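Listed below, chain by chain, are the residues.
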Amino acid sequence: MERSLAGEDEVEERLRSDEEEEEEGEEGWDDWCSDGDDAGGGLLCLFCSTRFDADSPLFEHCAAEHRFHFHGIVKELGLDFYGRIKLINFVRSKVAENKCWSCGQAFSSNTELCSHLHAPENYLIEGKVPWGDDVYLKPFMEDDSLLHSLSMDDDDEDEECGTSMERGKCSAGNEVLAESLGNKLSTLPEGNGSDISARFEQECTIGSTHREDRESLAFETNDSQLKVTRASVNAKAIKTVDDNYFGSYSSFGIHREMLGDKVRTDAYRDALLGNPSLLSGAAVLDVGCGTGILSLFAAKAGASRVVAVDGSAKMASVATQVAKNNGLLYDEDVKAEQKQGTQVISVVHTKAEELNQKIQLPQNGFDVLVSEWMGYCLLYESMLSSVLYARDHFLKPGGAILPDTATILGAGFGKGGTSLPFWENVYGFDMSCIGKEVTSTSARFPVVDVVASQDIVTQTAVLHSFDLATMKESEMDFTASFELRLSESGTVVPGVTWCYGIVLWFDTAFTDRFCKENPVVLSTSPFCTPTHWSQTIFTFEEPIAMVKESSTLGSSAWVGTDECPATMLKSRISIVRASEHRSIDISVETTAFSKDGRKRSWPIQIFNL
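Since the structure is predicted, the reported quantities are computational estimates derived from the model, not experimental observations. (Residues numbered from 1 in each chain as written. Predicted model: local features only at pLDDT ≥ 70, side-chain atom pairs only at ≥ 80, totals over all residues. Heavy atoms only, no water.)

Considerations on the overall build of the chain
Looking only at helices and strands, the chain has 18 helices and 25 strands in total. Looking at the chain residue by residue over its 609 residues, the buried ones come to 55%. Excluding contacts between residues fewer than 6 apart, the proportion of contacts in the chain whose partners are at least 24 apart in sequence is 69%. Carbon and sulfur atoms form 48% of the exposed surface of the chain, whose accessible area is close to 26,100 Å². (Helix = DSSP H or I, 4+ residues; strand = E, 2+ residues; numbered from the N terminus. Buried < 20%, exposed > 50% of the residue type's maximum accessible area, 1.4 Å probe, protein only. Contact = heavy atoms within 4.5 Å. Areas by Shrake-Rupley, 256 points an atom, 1.4 Å probe, with all protein chains shown as cover.)

Shown next, in the form of structure tokens:
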């Protein structure tokens with residue numbers, strides 16, 4: 001899929017023009033506000049149309065007027081930051097349906113619902129809270145100011161240091177500034193006692209990636225009923241994004257980059273040509289065919305019929321011509337007795353979800369589904385949903401999907417994974433002041449770049465694995481907790497090692513479940529040959545000092561500093577599909593533990609890709 005780099009030089013450019021864009025964006029603010037209710041600002045009650053200037057009076061109102069004791073529930077169940085986000089989105093979703101969030105009773109109007117006052121009957125259903133699903137991590141209401149102001153008490157953090165960590169404010173909702181800027185997210189305050197809030201461009205422009213027009217659905221209120229619409233991009237905006245997305249693939253430079261990626265292309269070639277028992281005589285569906293290279297491999301491997309699908313009109317035309325030039329294009333006008341055995345490829349210009357509208361296909365008539373759907377951080381571009389749709393509607397029961405597994409992995413990286421070494425010696429001059437600013441800015445943006453294996457300082461952790469043969473689309477949103485300790489390899493020198501952030505990559509596999517003769521693994525790991533996917537870098541707000549557990553270093557200083565380095569980092573990362581079509585939101589939460597068990601947590605960082 002579309003690949004290019006979002007390097008730190010681009011971050012610097014956006015930083016320099018931030019003030020100008022801010023002014024431009026605010027001029028267009030009125031165009032983004034809904035008529036009436038939302039234009040007034042403030043925090044909207046979970047149950048009625050009352051608005052407040054802060055979350056404290058809002059929750060006091062909810063307790064007094066609606067018998068919803070938010071802080072009591074949080075304390076009783078020990079809800080963490082994510083649990084609070086989920087609870088608020090869950091309650092809003094139930095109110096939108098005019099249902100009691102606690103007992104589930106339905107009402108004909110919001111007025112009746114608000115008069116239905118009672119203490120919660122039971123938080124748990126079969127031992128689980130009803131808002132536990134990760135779907136409730138996504139803001140139910142577009143630009144929910146309450147989520148912007150939501151804070152997490154860290155009273156149990158850092159008591160050994162004589163102070164508690166500053167409260168971290170997470171912009172789990174999106175702050176819409178203007179169409180010319182796209183959506184923005186608010187960053188968390190740094191742990192230095194000041195309430196620093198920096199707004200940044202949510203669309204992380206990666207190389208030549210286009211800017212996408214977006215529209216949002218707003219909420220409306222009246223005296224009798226509160227109608228809240230789920231935060232999503234409407235059909236018109238989705239079509240605009242899709243048109244731009246497929247249009248971007250009209251550039252041959254993108255396809256030159258992908259075809260020139262030998263790791264990628266060789267993996268698909270080896271899987272298709274190296275498993276004759278799977279491909280010989282098979283009907284194959286190629287989703288997102290581009291130039292048609294995978295279809296060409298499938299035809300060469302002996303497939304009896306290949307249907308290549310692409311949403312770009314230009315690339316569908318190109319793939320058709322390529323298949324024809326190689327004597328592989330299926331021509332319905334040619335009589336059966338005149339057809340050659342290799343003329344099996346048909347190219348269709350459409351999205352996978354609309355394939356049935358373009359050509360007649362038997363229900364679940366394909367033996368093999370092949371697609372190169374992976375994006376940055378695996379899930380960027382959200383093409384996986386189209387692959388899963390094609391699997392469910394066009395693949396035979398038990399049919400092969402290639403690749404059939406995908407895994408997201410991560411590790412901590414050192415100073416070499418940043419631009420600091422470059423700025424410390426520029427033609428013999430010290431420009432480290434620039435490097436520090438660039439690195440600080442990188443903590444607000446994901447960076448797609450190659451990280452050298454020697455710059456990985458921790459052990460590798462598996463975040464999440466997908467089984468493409470069985471997974472559901474909802475599983476694309478997930479939260480993973482994992483631990484990172486310094487690597488046992490010789491690349492980590494004795495003493496303190498500084499971890500500057502977490503880098504993610506992915507592996508996809510053509511396992512022996514379907515590729516019995518020749519299983520293949522395609523890896524984008526820093527320890528393997530670089531691919532055009534590179535890796536995705538998430539930089540900490542400040543580096544964390546680490547030592548191996550055998551070290552005797554330690555003191556009463558803050559954990560993660562040079563005086564008291566950490567022996568282990570515990571991170572929690574959530575990756576969810578953003579309200580902006582084909583984008584993803586990533587949150588990173590990090591806690592450092594010292595050898596004696598003390599800990600220190602940093603504010604949650606929010607990234608958009």
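Some thoughts on the UniProt feature "domain: Protein arginine N-methyltransferase 3-like C2H2 zinc finger" (unreviewed entry) in the chain
Summarizing the sequence annotation, UniProt attributes the feature "domain: Protein arginine N-methyltransferase 3-like C2H2 zinc finger" (unreviewed entry) to residues 73–102 in the numbering used throughout. Taken end to end, residues 73–102 is 70% helix and 0% strand, and its two terminal C-alpha atoms sit 12 Å from one another. (UniProt positions renumbered as here; feature names shortened; annotations may be inferred.)

With respect to the packing of aromatic side chains
Scanning the model with the defined rule gives 15 aromatic pairs in all. For the pair phenylalanine 68 and phenylalanine 70, a centre-to-centre distance of 6.4 Å together with 45 degrees between the ring planes defines the contact as tilted. Where phenylalanine 538 meets phenylalanine 607, the ring centres are 5.0 Å apart and the plane angle is 70 degrees; that geometry is what we call edge-to-face. In this pair, phenylalanine 538 sits in strand 21 (residues 535–546) while phenylalanine 607 sits in strand 25 (residues 605–608), placing the two residues 69 residues apart along the sequence. Grouping residues by exposure puts phenylalanine 538 and phenylalanine 607 together as buried. The structure contains a cluster of three or more aromatic residues connected by ring pairs, namely Phe47, Phe59, Phe68, Phe70, Phe90, Trp101, Trp131 and Tyr136. (Phe/Tyr/Trp six-rings, centres within 6.5 Å; stacked < 30°, edge-to-face > 60°.)

Topic: the sheet that holds strand 13 (residues 366–371)
Strand pairing in a sheet relies on backbone hydrogen bonds, with the paired strands running either antiparallel or parallel. Read from one edge of the open sheet, five strands run 12-11-10-13-14, paired in parallel fashion. The open sheet has two free edges, formed respectively by strand 12 (345–349) and strand 14 (395–402), since each of these has just one partner strand. With strand direction ignored, the average angle separating the axes of adjacent strands in the sheet is 20 degrees. Strand direction decides the pairing type here: strand 11 (residues 305–310) and strand 12, joined by five bridges, are parallel. When the bridges of strand 12 are listed, valine 306 appears paired with isoleucine 345. Packed onto the sheet, helix 14 (residues 313–325) meets strand 11 and strand 12 and runs at close to 170 degrees relative to strand 12. (Pairing = 2+ DSSP bridges. Axes fitted to C-alpha atoms, helices over the stretch in contact; angles between N-to-C directions.)

Observations concerning the environment of histidine 393
Secondary-structure assignment places histidine 393 in helix 16 (residues 384–394). Residues histidine 393 and glycine 365, spaced 28 residues apart in sequence, show a C-alpha to C-alpha distance of 8.9 Å. Excluding residues that lie within four positions of it along the chain, histidine 393 makes contacts with Gln363 and Asn364. Among the polar contacts made by the side chain of histidine 393, one reaches the main-chain carbonyl oxygen of tyrosine 389 at a distance of 2.9 Å. (Polar contact = N/O pair within 3.5 Å; in protein donor to acceptor, adjacent residues only side chain to side chain.)

Looking at unusual backbone geometry
Note the cis peptide between leucine 402 and proline 403, where omega equals -10 degrees. We note that tyrosine 427 has phi near 55 degrees; this positive angle belongs to a residue other than glycine. Along the chain, tyrosine 427 falls in the loop between helix 17 (420–424) and helix 18 (432–442). One non-glycine residue with positive phi stands out, namely serine 534, at about 50 degrees. Residue position: serine 534 is located in the loop between strand 20 (520–523) and strand 21. The buried category is assigned to serine 534, whose relative accessible area is 7%.

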